[in-house]
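A structural walkthrough
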There are 2 protein chains.
Amino acid sequence: MHSYTEENYLKAIYRLSNKTDKGVSTNSIAERMETKASSVTDMLKKLSEKKLINYKKYQGVTLTKKGKQVAVSIIRKHRLWEYFLVEHLNFNWDQVHPVAEELEHIKSELLIERLDEFLNYPKYDPHGDPIPDKEGNFPIPSRIKLTEMSKGQKSVILGVMENAASFLQYLDKLGLNIGTEVKVVEKHNFDNSIDLLINNKQTVHVSHEVARNIFVSN
Amino acid sequence: MHSYTEENYLKAIYRLSNKTDKGVSTNSIAERMETKASSVTDMLKKLSEKKLINYKKYQGVTLTKKGKQVAVSIIRKHRLWEYFLVEHLNFNWDQVHPVAEELEHIKSELLIERLDEFLNYPKYDPHGDPIPDKEGNFPIPSRIKLTEMSKGQKSVILGVMENAASFLQYLDKLGLNIGTEVKVVEKHNFDNSIDLLINNKQTVHVSHEVARNIFVSN
DNA sequence: ATTATTTTTTAGACTTATCTAAAAATATTT
DNA sequence: AAATATTTTTAGATAAGTCTAAAAAATAAT
Ligand SMILES: [Mn+2]
Ligand SMILES: [Mn+2]
Ligand SMILES: [Mn+2]
Ligand SMILES: [Mn+2]
């Protein structure tokens, strides 16, 4: 079928194409995959050969229908495994990503179907990202960035944009988790940092960099 | 760390070394790995370089302490995953092996520790093979081959030597599973086949080839 | 419209794991 | 002990994925 490497490229292209309406650039892929542009070009030729992407020299790439299907199925597996690790093996949300990065490549339709059933068809992963169903469909969650909240507004944390362990551990320390109720007490203009009242108890101060990686209810 | 391929070679050598007291031959490894002897030689040099095996040209190989540890840890993972698939994802015992063959290579100490805990530290996998604990220790089950039973003897099926789906499906069809009580009704000398009374109900006829792949209580 | 900069591709090399074919060592037969 | 057969190793090739360095194309700046 497809190699781990091919699958990872497709996933990267999928994620990048959600951030632009043009084709995805070779360099952006290289950056995301932590590899060199020349390696990316080699792989693009191969993926194009396999009809997984639309590729014309110097033009950037888009996923074909087939390519998108593969990408979404990898994301589905990734998120289902993350859910499993947190809900059944007592992993913390900052520990699951690297393991899911491996598990997502296990090739068994039956496995993932049964896992989904075992988990009772969860809709969101531990970071608040939607889990595609068997057909590849998933809701685009209605949510805004914490930075977009206005003073006095109340919301609930729905997810995070950044999955790095250090970031998630920092959120744990601040007491910010999925489901946490937050109210914007103050917005500081000079550095765009925010004072938050969490669960109507403590107040914490979050930097712009932190706030822009947190999704809250709309 | 070690590549999937290296891990598979170590596992193969481990299994083969349990069947001989001499060193394991290049050819036997090639046969088990379904590859060519020349490829095996290449890998032996590499594993030797990494101090995972004791290798001298033309002499056959043995695992070092380190090599044995790796092999047993892979087997531990393989069998824990098989147990998980059967007990929690409703796989049949003939479906688990190829999937476990992939899962066994996932590299996370925490994952396998937590999985073991979640499964409640099972002692045997779905084929009756013992599951090594965290330290690599496991009981050598006291069992004999079905072919070694004498006429009139009663025993319980404890495991199978062959994990091929076709074999296990055939056993299902015959009504032979782990835990099934069997009594030798007749042994036919001319082809070494056996008539078995199972669970004091039906009688089935099993060939020598089938019987020698079934383990029963001693 | 040139020139300069950035992006992308090509050319050639390296690594891992594999193969075929041939050579070397070991084991078996006569 | 010599000849024959088998096993194992070497030599050289190939495919996947990566890299560096250089060339080509596209963008941006003057
Ligand atoms: Mn993740
Ligand atoms: Mn991945
Ligand atoms: Mn197995
Ligand atoms: Mn394996």
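Before reading on, note that the structure itself is shown above.
Conventions and cut-offs
Throughout this document, residue positions are counted from 1 along each chain, in the order its sequence is written. By the order in which they are written, chains take letters starting at A while ligands take numbers starting at 1. Thresholds applied to this predicted model are a pLDDT of at least 70 for local features of residues and 80 or more for the giving and counting of side-chain atom pairs; totals over whole chains, interfaces and linings are not thresholded and use all residues. Excluded from the side-chain calculation are hydrogens and water; included are all heavy atoms of the structure. Secondary structure elements follow DSSP: runs of H or I no shorter than four residues count as helices, runs of E no shorter than two count as strands, and numbering proceeds from the N terminus. Between buried and exposed lies partly exposed: a residue is buried under 20% and exposed over 50% of the maximum accessible area for its type, with that area taken using a 1.4 Å probe on protein chains only. Contacts: residue pairs with any heavy atoms within 4.5 Å of one another. Calculation of accessible area relied on Shrake-Rupley with a 1.4 Å probe; when residues are assessed, cover is drawn exclusively from the protein chains displayed. To line up the copies, we fit them by least squares on C-alpha atoms, keeping just the residues with pLDDT of at least 70 in both. Coordination shells were defined by N, O and S atoms within 2.8 Å of each metal, extended to 3.2 Å for Na, K and Ca; water is absent from the atom set, which can make sites look incomplete. By convention in this text, a residue qualifies as near a molecule or strand provided that one of its non-hydrogen atoms is within 4 Å of it. Pairs of N or O atoms within 3.5 Å make up the polar contacts considered here, provided that, within protein, one atom can donate a hydrogen while the other can accept it, and that residues adjacent in sequence are counted only when both atoms are side-chain atoms. Residues are grouped as follows: Ala, Val, Leu, Ile, Met, Phe, Trp, Tyr, Cys and Pro are nonpolar; Asp, Glu, Lys and Arg are charged; every other residue, Gly included, is polar. Expected helix span is computed as 1.5 Å times (number of residues minus one). Note that the arc is computed from the directions linking the helix axis to the C-beta atoms. Each of two parts loses accessible area, computed with a 1.4 Å probe, when they are put together; buried area is these two losses added. Salt bridge, as used here, is a side-chain nitrogen of Lys or Arg placed within 4 Å of a carboxyl oxygen of Asp or Glu. Two strands form a pair only when DSSP identifies at least two bridges running between them. Comment: axis = line fitted to C-alpha atoms, over the contacting stretch for helices; angle = value between 0 and 180 degrees taken between N-to-C directions.

For the rest of this paragraph, the subject is the overall build of chain A. Along its length, chain A carries eight helices and eight strands. With the C-alpha coordinates aligned to their principal axes, the bounding extent of chain A is approximately 55 × 45 × 25 Å. Relative to its 218 residues, chain A shows a buried fraction of 44%. Across chain A, the fraction of contacts at a sequence separation of at least 24, relative to all contacts at a separation of at least 6, is 58%. Carbon and sulfur atoms provide 48% of the accessible area of chain A, an area that totals close to 11500 Å².

This part takes up the relation of the copies chain B and chain A. At an RMSD of 0.1 Å, chain B and chain A line up after a rotation of 180° and a shift of 0.0 Å along the axis. Look at the turn and shift together and you get a two-fold axis relating the two. Closest approach to the rotation axis within chain B is made by the C-alpha atom of B:Leu103, at a distance of 3.8 Å. Both copies share a contact surface, since 100% of the interface residues of chain B are interface residues in chain A too.

In a perfect tetrahedron of four donors around a metal, the angles come out at 109.5 degrees. In a perfect octahedron of six, they are 90 or 180 degrees. Residues and elements named next belong to chain B. Around the manganese ion (ligand 4), the protein contributes the donor atoms Asn 8 (OD1), Glu 101 (OE), Glu 104 (OE) and His 105 (NE2), at 1.9 to 2.5 Å from the metal centre. Linear spacing of the donor residues for the manganese ion (ligand 4) on their chain is N-x92-E-x2-E-H. Separated by 96 residues along the polypeptide, Asn 8 in helix H1 (residues 4-17) and Glu 104 in the loop between helix H5 (96-103) and helix H6 (109-118) bring together distant segments of the chain. On the accessibility criterion, Glu 104 (0% relative accessible area) is buried.

With that settled, the discussion passes to the coordination of the manganese ion (ligand 1). Residue and element names in this part refer to chain A. Taken together, His 78 (NE2), Glu 82 (OE) and His 97 (ND1) make up the full set of protein donors to the manganese ion (ligand 1), lying 2.0 to 2.2 Å away. Considered as a linear motif, the donors of the manganese ion (ligand 1) on their single chain read H-x3-E-x14-H. Remark: His 97 occurs in helix H5 (residues 96-103) and Glu 82 occurs in helix H4 (residues 65-88); sequence separation between them is 15 residues.

Once that is clear, we can look at the protein's contact with DNA strand C. In the vicinity of DNA strand C lie 20 residues, with A:Lys45, A:Tyr55, B:Thr35, B:Lys36 and B:Lys46 positioned nearest. Close to the protein, within 4 Å, the atoms of DNA strand C are drawn from sugar and phosphate at a rate of 76%. Between DNA strand C and B:Ser38 there is a distance of 3.0 Å, counted from a base oxygen to a side-chain nitrogen or oxygen. Of all elements in the fold, only helix H2 (26-33) and helix H3 (37-49) of chain A together with H1 and helix H3 (37-49) of chain B reach the threshold of two or more residues within the surface near DNA strand C. When grouped by side-chain class, the residues that make up the surface near DNA strand C number five nonpolar, ten polar and five charged.

Before going further, it helps to examine H3(A). Residue and element names in this part refer to chain A. Under the 1.5 Å per step criterion, the end-to-end length of H3 is 18 Å for 13 residues, consistent within 8% with the ideal 18 Å. Within H3 the residues assigned to the buried category are Val 40, Met 43, Leu 44 and Leu 47. Projected onto a plane normal to the axis of H3, the buried residues spread over an arc of 110° and lie on a single side. Across H3 from its buried face, at more than 90 degrees, point the exposed residues Ser 38, Asp 42 and Glu 49. One or two positions beyond H3, positive phi appears at Lys 51, with a value near 60°.

Facing 21 residues of chain B, the contacting portion of chain A comprises 21 residues. Together, the buried faces of chain B and chain A total about 1800 Å²; carbon and sulfur atoms form 71% of this surface. For chain B, the biggest contributors to the area lost against chain A are B:Leu89, B:Glu102 and B:Arg114; these three give 29% of the whole. Applying the counting rule to chain B against chain A returns zero salt bridges. One can count six residue pairs in polar contact (both at pLDDT 80 or more) joining chain B with chain A.

All of the buried residues along helix H6 (residues 109-118) of chain A are A:Leu111, A:Ile112, A:Leu115 and A:Asp116. Along H6(A), the residues classed as buried sweep out an arc of 130° about the axis, all on the same side. Tucked into the core, H6(A) has its buried residues touching H4 of chain A together with helix H4 (65-88) and H5 of chain B.

Time to look at the pattern of salt bridges. Inspection of every chain in the model, using the stated rule, returns 24 salt bridges over all chains. For A:Glu209, the salt bridge identified is with A:Arg212, shortest N-O distance 3.1 Å. Judged by relative accessible area, A:Arg212 falls into the partly exposed class, the value being 29%. Ionic pairing is found between B:Lys151 and B:Glu186, a salt bridge with its closest N-O pair at 3.4 Å.

This part takes up the sheet that holds strand E7 (residues 203-206) of chain B. All names here are of chain B. In space, the six strands of this open sheet follow the order E3-E8-E4-E5-E6-E7, with antiparallel pairing throughout. The sheet is open, and its two borders are formed by strand E3 (143-145) and E7, each paired with just one other strand. Going across the sheet, the axis of each strand differs from the next one's by a mean of 45°, ignoring polarity. Sheet topology note: the E3/strand E8 (residues 214-217) ladder contains three bridges and is antiparallel. The partner of Lys 145 across the bridge, within E8, is Phe 215.

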